[in-house]
Amino acid sequence: MRSDLKLEETFPRDWESRLVPLQACADVVCLDPHDLAAVKLQAGRPKDLELCASLLSAGLLQPELIRQRLEETRLSDPSRAAASVRLGKAIELAKVKSS
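The sections below set out a description of the structure shown in this document. (Residues numbered from 1 in each chain as written. Predicted model: local features only at pLDDT ≥ 70, side-chain atom pairs only at ≥ 80, totals over all residues. Heavy atoms only, no water.)

This part covers the pattern of salt bridges. One pass over the structure, following the stated rule, counts 10 salt bridges. Note that Lys40 is salt-bridged to Asp48, the shortest N-O span being 3.1 Å. By relative accessible area, which is 1% here, Asp48 ends up buried. Of the charged contacts in the structure, one is a salt bridge between Arg80 and Asp77, with a shortest N-O distance of 3.1 Å. Of this pair, Arg80 and Asp77 both sit in helix H5 (residues 77–98), three residues apart, roughly one helical turn. With a relative accessible area of 10%, Arg80 lands in the buried category. A relative accessible area of 60% places Asp77 in the exposed class. Members of the salt-bridge network, linked through shared partners, are Arg18, Asp32, Asp35, Arg69 and Glu72. (Salt bridge = Lys/Arg side-chain N within 4 Å of Asp/Glu carboxyl O. Buried < 20%, exposed > 50% of the residue type's maximum accessible area, 1.4 Å probe, protein only. Helix = DSSP H or I, 4+ residues; strand = E, 2+ residues; numbered from the N terminus.)

Following this line, the structure appears as structure tokens:
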């Protein structure tokens, strides 16, 4: 992730309202999978694209909802566009994994 980007700028609006309890761990919550994917696609590391592709391939993520969450961030338009391109790459990788 870029060092000049503030962490809170990478999270979609209202992410806190979508926190998900972690099973078998009392009082532990995690990001909603679509919020996590939006953050991972901004980072854009190979391992982040691989994670998103695996979750897409498993049917645990909906591409349109990820796009919506990217729109809900405070990113600049060029940064948001780059994350959207990465989403396209993750979708293509997911198709390869599924076949």
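So much for the structure itself; the text now carries on.
Our next topic: unusual backbone geometry. Residues other than glycine seldom take positive phi values, yet Ala24 does so here, at roughly 70 degrees. Inspection of the secondary structure puts Ala24 in the loop between strand S1 (20–21) and strand S2 (29–30). For Ala24, a relative accessible area of 86% puts it in the exposed group. Residue Asp27 is not a glycine yet carries a positive backbone phi of 65 degrees. Of note, Asp27 is situated in the loop between S1 and S2.

Ranked by internal contacts, the top residues of the largest apolar core, which has 15 residues, are Leu41, Leu56, Ile66 and Leu87. Within the residue set of this core, elements represented by two or more residues are helix H2 (33–43), helix H3 (46–57), helix H4 (63–71) and H5. Tallying contributions element by element places H5 first for this core, with five residues. Sequence-distant contacts of Leu87, defined by excluding residues within four places in its chain, comprise Leu41, Leu56, Pro63, Ile66 and Arg67. (Core = buried A, V, L, I, M, F, W, Y, C linked by side-chain atoms within 4.5 Å. Contact = heavy atoms within 4.5 Å.)

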